[in-house]
There are 2 protein chains.
Amino acid sequence: MHFTKQQLNELAPRFRTQLINSLSGFKSANLIGTQDKLGNTNLAIVSSVFHLGAHPPLVGMIMRPHSVPRHTFENIIETGVYTINQVNSEIYSQAHQTSARYDRDESEFDATGLKTEYLNDFDAPFVLQSRLKYAVKLVEHQHLAINGTELVIGEIIDLHVDGAAVQEDGFIDLMSIQTVAVSGLDSYHTTQALSRLPYAKK
Amino acid sequence: MHFTKQQLNELAPRFRTQLINSLSGFKSANLIGTQDKLGNTNLAIVSSVFHLGAHPPLVGMIMRPHSVPRHTFENIIETGVYTINQVNSEIYSQAHQTSARYDRDESEFDATGLKTEYLNDFDAPFVLQSRLKYAVKLVEHQHLAINGTELVIGEIIDLHVDGAAVQEDGFIDLMSIQTVAVSGLDSYHTTQALSRLPYAKK
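Residues numbered from 1 in each chain as written. Chains lettered and ligands numbered in written order. Predicted model: local features only at pLDDT ≥ 70, side-chain atom pairs only at ≥ 80, totals over all residues. Heavy atoms only, no water.

**With respect to the nonpolar core**
Of all hydrophobic cores here, the largest spans 66 residues; its most connected members are Tyr134(A) and Tyr134(B). Contacts of Tyr134(B), omitting those with residues within four sequence positions, involve Leu23(A), Ser24(A), Val49(B), Val59(B), Tyr82(B), Thr83(B), Ile84(B), Phe126(B), Ile156(B), Asp158(B) and Leu159(B). (Core = buried A, V, L, I, M, F, W, Y, C linked by side-chain atoms within 4.5 Å. Buried < 20%, exposed > 50% of the residue type's maximum accessible area, 1.4 Å probe, protein only. Contact = heavy atoms within 4.5 Å.)

**Things to note about the relation of the copies chain A and chain B**
When chain A is fitted to chain B, the residual RMSD is 0.0 Å, and the transformation amounts to a turn of 180° plus an axial shift of 0.0 Å. Considering both components of the superposition, the chain copies are consistent with a two-fold axis. It is Thr191(A) whose C-alpha, among those of chain A, lies nearest the rotation axis, at 2.1 Å. Taken as a fraction of all interface residues of chain A, those also at the interface in chain B reach 100%, which identifies the copy contact as same-surface. (Least-squares fit on C-alpha atoms with pLDDT ≥ 70 in both.)

**A word on the environment of Thr72(B)**
Residues and elements named next belong to chain B. Relative to the helices and strands, Thr72 resides in helix H3 (residues 70–79). On a C-alpha basis, the gap between Thr72 and Arg104 in space is 9.7 Å, while along the polypeptide they are 32 residues apart. Sequence-distant contacts of Thr72, defined by excluding residues within four places in its chain, comprise Ile32, Thr34, Asn42, Ala44 and Met63. (Helix = DSSP H or I, 4+ residues; strand = E, 2+ residues; numbered from the N terminus.)

**Some details on the packing of aromatic side chains**
All names here are of chain A. A full pass over the atoms with the stated rule returns five aromatic pairs over all chains. Between Tyr92 and Tyr188 the ring centres are 5.3 Å apart and the planes differ by 45°, which places this aromatic pair in the tilted class. Remark: Tyr188 occurs in strand S13 (residues 187–196) and Tyr92 occurs in helix H4 (residues 92–97); sequence separation between them is 96 residues. By relative accessible area, which is 2% here, Tyr188 ends up buried. An angle of 45° between the planes, with centres 6.2 Å apart, marks the rings of Phe122 and Phe126 as tilted. The residue whose ring lies beneath Arg196 is Phe171, and the NZ or CZ to ring-centre distance is 4.0 Å. (Phe/Tyr/Trp six-rings, centres within 6.5 Å; stacked < 30°, edge-to-face > 60°. Lys NZ or Arg CZ within 6 Å of the ring centre and 35° of its normal.)

**A short note on the interface of chain A and chain B**
In this complex, chain A contributes 97 residues to the contact, which on the side of chain B involves 97 residues. Between chain A and chain B, roughly 8,800 Å² of surface is buried when both sides are summed, and carbon and sulfur atoms account for 60% of that area. If you look at where chain A meets chain B, you find eight salt bridges. Glu155(A) is paired through a salt bridge with Lys5(B); the nearest N and O atoms lie 3.9 Å apart. Run the count over chain A and chain B and you get 55 residue pairs in polar contact (both at pLDDT 80 or more). In terms of residue class, the side of chain A that touches chain B is made up of 44 nonpolar, 36 polar and 17 charged. Across nine bridges, S13(A) lies against strand S13 (residues 187–196) of chain B in antiparallel orientation. Bridge pairing links Thr191(A) to Thr191(B) in S13(B). (Buried area = accessible area lost by both parts, 1.4 Å probe. Salt bridge = Lys/Arg side-chain N within 4 Å of Asp/Glu carboxyl O. Polar contact = N/O pair within 3.5 Å; in protein donor to acceptor, adjacent residues only side chain to side chain. Nonpolar A, V, L, I, M, F, W, Y, C, P; charged D, E, K, R; others polar. Pairing = 2+ DSSP bridges.)

**Observations regarding H3(B)**
When H3(B) is considered as a whole, its buried residues turn out to be His71(B), Thr72(B), Phe73(B), Asn75(B) and Ile76(B). If you follow the buried residues of H3(B), they end up packed against strand S3 (30–35), strand S4 (41–46), strand S6 (57–63), strand S7 (81–86), strand S10 (132–144) and strand S11 (149–161) of chain B.

**Considering the pattern of salt bridges**
On inspection of all chains with the given rule, the structure shows 16 salt bridges over all chains. Between Asp162(B) and Arg131(B) there is a salt bridge, with its nearest N and O atoms 2.8 Å apart. You can see Asp162(B) sitting in the loop between S11 and strand S12 (181–183) and its partner Arg131(B) sitting in the loop between strand S9 (126–127) and S10, a full 31 residues away along the chain. Shared partners join several salt bridges into a network, and the residues in it are Asp103(A), Glu106(A) and Lys202(B).

**With respect to the pairing of S4(B)**
Residue and element names in this part refer to chain B. Taking burial as the measure, the six residues of S4 include six buried ones, the bulk of the element. Along S4, one buried face is formed by Thr41, Leu43 and Ile45 and the opposite face, lined by Asn42, Ala44 and Val46, is buried too. Across six bridges, the pairing between S3 and S4 is antiparallel. What sits directly across from Leu31, in S4, is Ile45. With antiparallel pairing between neighbouring strands as the criterion, S3 and S4 make up a hairpin whose turn holds five residues, including Gly39 at a positive phi of roughly 90°.

**Overview of the side chain of Thr149(A)**
Here Thr149(A) shows up in strand S11 (residues 149–161). A polar contact of 2.8 Å, which involves the side chain of Thr149(A), links it to the side chain of Asn147(A). Those residues within four positions of Thr149(A) in sequence are excluded, and the remaining contacts are Ile62(A), Met63(A), Arg64(A), Pro65(A), Gln142(A), His143(A), Leu144(A) and Leu52(B).

**Some words on the pairing of S13(B)**
Residues and elements named next belong to chain B. Looking at chain direction, S12 and S13 are connected through three bridges and run antiparallel. Bridged to Val182 within S13 is Tyr188. Once S12 ends, the chain turns through three residues before running back antiparallel as S13, passing Gly184 with a positive phi of about 60°.

**With respect to the sheet that holds strand S2 (residues 27–28) of chain B**
Pairing is antiparallel in the open sheet, where six strands are placed in the order S2(A)-S12(A)-S13(A)-S13(B)-S12(B)-S2(B). For this open sheet the edge positions go to strand S2 (27–28) of chain A together with S2 of chain B, each flanked by a neighbour on one side alone.

**A look at the side chain of Ser28(B)**
One can find Ser28(B) in strand S2. A polar contact is formed between the side chain of Ser28(B) and the side chain of Asn30(B), at a distance of 3.3 Å. Polar side-chain contacts of Ser28(B) include one of 3.1 Å to the backbone oxygen of Val49(B). Here Ser28(B) is in contact with Ser24(A), Gly25(A), Phe26(A), Val46(B), Ser47(B), Val49(B) and Val182(B), once residues within four sequence places are set aside.

What follows is the structure, encoded as structure tokens:
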């Protein structure tokens, strides 16, 4: 099946949203935990978290300030900190529910039954039920003028993970902690290992 | 298990690279097809392709210009076009092999047995064996000073996909075309569906 540029432009908006969201492949599923200066908490599922570098340890994500994660973005700017919590198969329905349009004074924690957890004096809430989560300090953010999204870059400053999942070489077995992957807007997946491949040489 | 910022900083570099690369969750596996103005082809596996928007259809990726995808990045700047080809379980070993340090005049297509395919007069090579692939026109790129990576943003202008995978609402069933996910630096995974969830409402 072939879609030309013109055909893509003429698709019904909802069909196009589903189609284009499928093109990047499997995506990560993460919950972003924040609070404002008064301590009002917020939680938002984001599928655009990506690895940016290990030295220093940096993580990026794309946020749409005009959609649901607006409160999350505002809290990040206000406090400079947030948590990233991997979604596992035990909590993926609750994680998805955080994408509903709750008001600013409603916490997605209360609304979904996901529980806040405060670790190591960090000023943003973690998700108790997540088995791999880390504290992030905002480093920079950039407005992408082309479509009004925000690129948010942070430094990983504190990591909490089920110890049994960390292998001898530092690789974390995400399957063992039931981390899920996302495809499209709304499809959740567990994974099966094909294999780890050695460092490629000519 | 808890790693503080100081402990993360003191990890052996290879251990840290594996560990930090595992934190973002499951990642997409895509092959970036390019050629220079003389038609010399290049192919590089990239795990940082992410959805940026559907209206207009935009896709982003992070490239490390000082590592293997350097030739790819240079070709993109030189020609303004590239292809993104989803990796499936039939070709993941060959896809991984493209990360070896081939010289500029060696094509990863020839070295790995992946085959070039030219579609709809587009001036960059597709991967014949990929079952979901699209033509991308460079829109902008930004140097991220914090760690020397490049953010590359492109517009999706031509889509080729196995028709049976496209569902009525536009969602593409990536499992049916055996698209794989990556974790860490080198672990490849097939997926199993948990479910698609409805649009979340309060």
